[in-house]
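Spelled out from the first residue to the last, the chains are:
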Amino acid sequence: MTPRDRLLALVVAVCWGVNFPMTALALEHFPPIFLVALRFSLLAVPTLLFVPRPPIPWRSLLLVGLGLGILQFGFLYLGMAAGMPSGLASLVLQASAPATVVIAAFWLRERITRRQAIGIGVAVLALAVIAVHRAQVAALLPVVLVLCGALGWGLGNVAVRRAAAPDPLRLTLWMSVVPPIPMLALSLAVEGPGRIGRSLATVGTLDALPSVVGLLYVVLVATVLGYGLWTRLLAAYPSSTVAPFSMLVPVVGVLASWAAFDEVPDAVEVVAGVAVVGGVLYASRAPRRGRPATPAVPETPAA
C-alpha cells in the first residue's frame, strides 16, 4: 500500500473506533434491530433519488448489503443491547479481519502468506482468550452475537472485493438500500410496533438528543466517510492487505469508550487487545518478494 492509502486506512480506524460509543448512545433510545433499519433508511432514500446504481450485478449488491449491513450491524447492535460494552465490542468485532482473509482464500483464491497466517493466528488466539475470559465474568451471549457480526463483516468485505465496483462510494451508498425493508420487518415482528412508535414519538425530546447525535455520526461519519474510504481500499488492494487495518479500530474504540463511559478494561482484556493489535501489525507488513504489489483491479479514483 502507498503511504497515502495507509493514512486513509488509519482515518477509517479512527472513524470506526469512535463509532462504538456513538452507537451505544443511539441504542439508549432506539431498539437495536430498528436502529439498523433506521440508519440505512436515512442513506437509502437520498441514494435512490440522486445516486446512479453502480454497474455491478444485483446479486453482488445484495451480497454486500447482506454482509456489511444486515449481518454485521444486526448482530452487533443486538450484542451491544444485550450488554456488550462498546469498547469491548470494538475489539471483538475485529474478528472480521481473520474471517475476511480466510473467506477470501477459499472464495477468491487469494494466497495467505506465512507472515499473515502467523499474525492472524496470534490475533485469533487473543480474541479467543477474551471470549473465554468474558464467559467467566459475564454473559457469553453478547460476545457470540458480536462474533457473528464480525463474520458478516468478513463476508461483506470479500463481496466488495469480488464486486470490483468502479466507484466505491456509489457501492457504499447503494449497499444501504438492502437492509431497511428486511430489518424493519424483523423489528416489527421481534421488537413490536409499540416500542418502535415510542422511540419515534420522543425523538425530538432533550433526553433523546445524545442518541440522535450518535445516529447522525453513525450515518454520516462511520458509514459515508468510513465505508467510502474502506471500499475504495478494498477495490484497489487484496482483501488480505486491507482487512488487517480494521483490527486497529479497537485501539480507538477502547479509548473513546473509556473517555465517554469510563469503561476501563481489565488486565486480561488489555493484554489480549495488545496481542490482537500486534498480530495485525505483523500480518499487514508482510513483504512481497520477487514482484511489486499490484492491485487485482484498476485503481479507483479518489472519491
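This text gives an overview of the structure that appears in the document. Since the structure is predicted, the reported quantities are computational estimates derived from the model, not experimental observations.

Turning our attention to the overall build of the protein. Summing up its helical and strand segments, the protein has 14 helices and zero strands in all. Each helix and strand of the protein, ordered N terminal to C terminal, gives the series α-α-α-α-α-α-α-α-α-α-α-α-α-α. Computed over the C-alpha atoms, the radius of gyration of the protein is 18 Å, within 12% of the 19 Å expected from 2.2 N^0.38 for a compact globule of 303 residues. Dimensions along the principal axes, computed over C-alpha positions, put the protein at roughly 60 × 50 × 30 Å. Per-residue burial for the protein yields a buried fraction of 52% across its 303 residues.

We now examine the environment of Trp-58. Looking at the element boundaries, Trp-58 is found in helix H3 (residues 58-81). Taking the C-alpha atoms as reference, Trp-58 lies 36 Å from Val-276; in sequence the two are 218 residues apart. Those residues in contact with Trp-58, other than ones at most four positions away along the chain, are Arg-53 and Trp-174.

A separate point is empty space enclosed by the protein. Applying the stated rule across the entire model yields one cavity of 30 Å³ or more. Approximately 80 Å³ is the volume found for the largest cavity. Around the largest cavity, the lining comprises 13 residues; the ones closest to its centre are Trp-16, Asn-19, Gln-72, Phe-73 and Tyr-227. Among the secondary structure elements, those contributing two or more residues to the lining of the largest cavity are helix H1 (3-27), H3 and helix H11 (209-236). Here the lining of the largest cavity is built from residues that sort into nine nonpolar, three polar and one charged.

Glancing now at H11. With 28 residues, H11 ought to run about 40 Å at 1.5 Å a step, and its terminal C-alpha atoms sit 39 Å apart, in line with that. Bending of H11 peaks at approximately 30 degrees at the position of Tyr-227.

Now for the layout of surface pockets. Within this model, the second largest pocket holds a volume of roughly 390 Å³. Lining the second largest pocket we find 20 residues, and of these Pro-250, Val-254, Pro-265, Glu-269 and Val-270 sit closest to its centre. At the level of elements, helix H4 (86-92), helix H13 (249-261) and helix H14 (267-284) are the ones that each hand at least two residues to the lining of the second largest pocket. When residues in the lining of the second largest pocket are grouped by element, the largest group, six residues, is from H13. Within the lining of the second largest pocket, the residues separate by chemical class into 13 nonpolar, three polar and four charged.

Calculation notes
- Residues numbered from 1 in each chain as written.
- Predicted model: local features only at pLDDT ≥ 70, side-chain atom pairs only at ≥ 80, totals over all residues.
- Heavy atoms only, no water.
- Helix = DSSP H or I, 4+ residues; strand = E, 2+ residues; numbered from the N terminus.
- Rg over C-alpha atoms; globule rule 2.2 N^0.38 Å.
- Buried < 20%, exposed > 50% of the residue type's maximum accessible area, 1.4 Å probe, protein only.
- Contact = heavy atoms within 4.5 Å.
- 1 Å grid on protein atoms, 1.4 Å probe; cavity = no way out; pocket = protein on both sides within 12 Å on 5 of 7 lines; lining within 4 Å.
- Points joined across faces, edges and corners; volume = space filled by probe spheres on them.
- Nonpolar A, V, L, I, M, F, W, Y, C, P; charged D, E, K, R; others polar.
- Expected span 1.5 Å × (residues − 1).
- Bend = angle between axes of the 7 residues up to and from the residue.

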